[in-house]
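Examination of the molecular architecture
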Amino acid sequence: MKPIESAEDISELAFGFMASKALFAALHVDVFGALSDGPKTIKDLSVATKVPAQRMQTLVTALVSVGLLTRNDSKIANAPASEAYLVRENTNYFGDYLRFQIDRQMYPFMENLDKVLLGDTDDIEYPDYASWMADRHHAELFSRSQHSGSLGPGAVLAKRLLKEGAVSEDVGSMLDVGGGSGAFSIMFCKRFPKLHATVLDFPNVIEVGKAFVAEEEMSDRIDFVAGDGTNANWPNDQDIVLMSYLFSGVPEEAIDKLCADAFRVLKPGGLIAIHDFMVSDDRKGPALAALWQLQHMVYTPDGVGMTPGFVEKHLKKAGFEIEIDDDLIPGMTRVMTARKSG
């Protein structure tokens, strides 16, 4: 990232939250869905969303200015990405992830960032991930919104592991530690027809996951175990152990135990896959990964901003042999896989 040079550059960063809120508000009142059948006037949008025309005009102007909408004379239309990803009926929609998890949970949590930096956490309602997920409302909101944001990466990872020969098509078992809604397990089971997956996560979280799995008619192929992945009893004889977004949600001292537990329950030749926010080893970016690591610190103050080198070191310490290290969500997450020899 080029160092900033002007007051305008600073202002763009400082006022960036306004663009975020414009996006979230548009999702809540379904502006993008209202435009999915073609361009509309402000009056048309006002009727469709039940937002008074004057307020809609101001919101639309903001959305056009940041590229989420386009304006041609009096007609407003979705930008290409908005049409593809922010219309609820479309296959690639992930607006619920943005409007619920990011807007309703992550955004307000960031108000505590300065307190966390200074260790002043006594009056913070959820000082760690476990206490947050013990709140049934937050656990359900987080898990349901995360589901829409994880199906795509889950499908990409399963396809990549098969294509690169890291996992055979007839693989039989997978333990999805911290697997939440079961999104990754669902997509893996769709890709690997003989796979049986077990999702290990907090009790409030797996209740949401069971519902999603039932909707997919996969209850006979995906089981759930309630518990904290850092101290639960993991089922043995696994072909794959998957940990997606788990390392970034635990204190640094828990990572060695997670790696050792994975090594213990894997069959000889089994694979561990770590998917998470990682910045480059020189810690210069990418920006989205760095910002997500900062956000995670709000409810994991003793966590660590990970790099590929950091993850590799802990996997090797547990006895694994590194195989794949590559981007999964470009500019945001990476995946690292390693093998238990044998």
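Residues numbered from 1 in each chain as written. Predicted model: local features only at pLDDT ≥ 70, side-chain atom pairs only at ≥ 80, totals over all residues. Heavy atoms only, no water.

Digging into the overall build of the protein
Inclusion rule: Strands are runs of DSSP state E lasting at least 2 residues, helices are runs of H or I lasting at least 4, and numbering of each runs from the N terminus. It is over C-alpha atoms that the radius of gyration is taken, and the globule rule equals 2.2 Å times the number of residues to the power 0.38. Per-residue accessibility, obtained with a 1.4 Å probe over protein chains only, is compared with the maximum for each type, and a residue is labelled buried under 20%, exposed over 50%, and partly exposed between these values. Throughout, a contact is declared for two residues whenever any of their heavy atoms are within 4.5 Å. Note that accessible areas follow from Shrake-Rupley with a 1.4 Å probe, and for residues the cover is restricted to the protein chains shown.
Each helix and strand counted, the protein has 15 helices and nine strands in total. A globule of 342 residues ought to have a C-alpha radius of gyration of about 20 Å, and the protein, at 21 Å, matches this closely. Dimensions along the principal axes, computed over C-alpha positions, put the protein at roughly 65 × 45 × 35 Å. For the protein, buried positions account for 49% of its 342 residues. If you take every contact in the protein between residues at least 6 apart in sequence, the share linking residues at least 24 apart comes to 69%. Surface accessibility of the protein: about 16,500 Å² in total, with carbon and sulfur atoms responsible for 53%.

Some points on the packing of helix α10 (residues 136-163) against helix α11 (residues 183-191)
Describing two packed helices takes the angle between their axes plus the distance from one axis to the other. In plain terms, the rule: The axes used here are C-alpha line fits, helices contributing only the stretch in contact, and every angle between their N-to-C directions lies in the interval 0 to 180 degrees. Roughly parallel here means an angle under 35 degrees, roughly antiparallel means over 145, roughly perpendicular means 65 to 115, and every remaining angle is called oblique. For any pair of crossing helices, the crossing counts as left-handed if the nearer helix is rotated counterclockwise from the farther one by less than a right angle, and right-handed if it is rotated clockwise. All amino acids are sorted into three groups, where Ala, Val, Leu, Ile, Met, Phe, Trp, Tyr, Cys and Pro are nonpolar, Asp, Glu, Lys and Arg are charged, and the leftover types, Gly among them, are polar.
Contact geometry of α10 with α11 gives a least axis separation of 8 Å together with a crossing angle of 40 degrees. In this view, α10 runs oblique relative to α11, as classed from their interaxial angle. In this structure, the crossing between α10 and α11 has a hand that is right-handed. Of the residues in α11, those touching α10 at His147, Ser150, Leu151, Pro153, Gly154, Ala155, Leu157, Ala158, Lys159, Leu161 and Leu162 are Ala183, Phe184, Ile186, Met187, Phe188 and Arg191. Its residues assigned to classes, the contact of α10 with α11 shows 12 nonpolar, three polar and two charged.

Comments concerning the side chain of Gln146
Inclusion rule: Residues adjacent in sequence count toward polar contacts only when both atoms are side-chain atoms; beyond that, a polar contact is any pair of N or O atoms within 3.5 Å, and within protein one must be able to donate a hydrogen and the other to accept it.
Tracing the backbone shows Gln146 in helix α10. Classification of Gln146 as buried rests on a relative accessible area of 13%. A polar side-chain atom of Gln146 sits 2.9 Å from a polar atom in the side chain of Gln101.

Here's the deal with a nonpolar patch on the surface
The following threshold applies: A patch is a set of surface residues, each over 30% in relative accessible area and not in a salt bridge, joined within 9 Å for like charges and within 5 Å for the nonpolar side chains Val, Leu, Ile, Met, Phe, Trp and Tyr. Put simply, a salt bridge is a Lys or Arg side-chain nitrogen that is within 4 Å of an Asp or Glu carboxyl oxygen.
On the surface, Met110, Leu288, Leu291 and Leu294 cluster together into a nonpolar patch covering about 320 Å² of accessible area. Residue position: Met110 is located in the loop between α7 (95-109) and α8 (113-118).

Looking at unusual backbone geometry
For residues besides glycine, phi is generally negative; the peptide bonds are generally trans as well. Pro286 follows Gly285 through a cis peptide bond whose omega is 0 degrees. Unlike most non-glycine residues, Lys50 shows phi in positive territory, near 65 degrees. Look at Lys50 and you get exposed, because its relative accessible area is 74%. Here Tyr245, not a glycine, exhibits a phi torsion of approximately 60 degrees, which is positive. Within the secondary structure, Tyr245 sits in the loop between β6 (238-244) and α13 (253-265).

Some remarks on the layout of surface pockets
This is how the line gets drawn: Computed over the protein atoms alone on a 1 Å grid, cavities are sets of points where a 1.4 Å probe fits but cannot get out and pockets are open sets with protein on both sides within 12 Å along at least five of seven lines; a residue lines them when it has an atom within 4 Å of a point. Grid points are joined across faces, edges and corners, and a volume is the space filled by probe spheres set on the points.
As a volume, the largest pocket reaches approximately 2,000 Å³. Lining the largest pocket we find 48 residues, and of these Phe94, Tyr97, Leu98, Ile102 and Met332 sit closest to its centre. Of all elements in the fold, only α1 (7-14), α2 (16-28), α7, α10 and α14 (287-296) reach the threshold of two or more residues within the lining of the largest pocket. Sort the elements by how many residues they give to the lining of the largest pocket and α10 lands first, with 11 residues. Here the residues of the lining of the largest pocket sort into 32 nonpolar, 12 polar and four charged. Reported here for the second largest pocket is a volume of approximately 700 Å³. Contributing to the lining of the second largest pocket are 42 residues, with Tyr129, Gly178, Tyr245, Leu246 and Gly249 lying nearest its centre. Contributions of two or more residues to the lining of the second largest pocket are made by α7, α9 (129-133), α10, β3 (173-177), α11, β4 (196-201) and α14. Each residue belonging to the lining of the second largest pocket can be placed in one class, and the counts come to 21 nonpolar, 16 polar and five charged.

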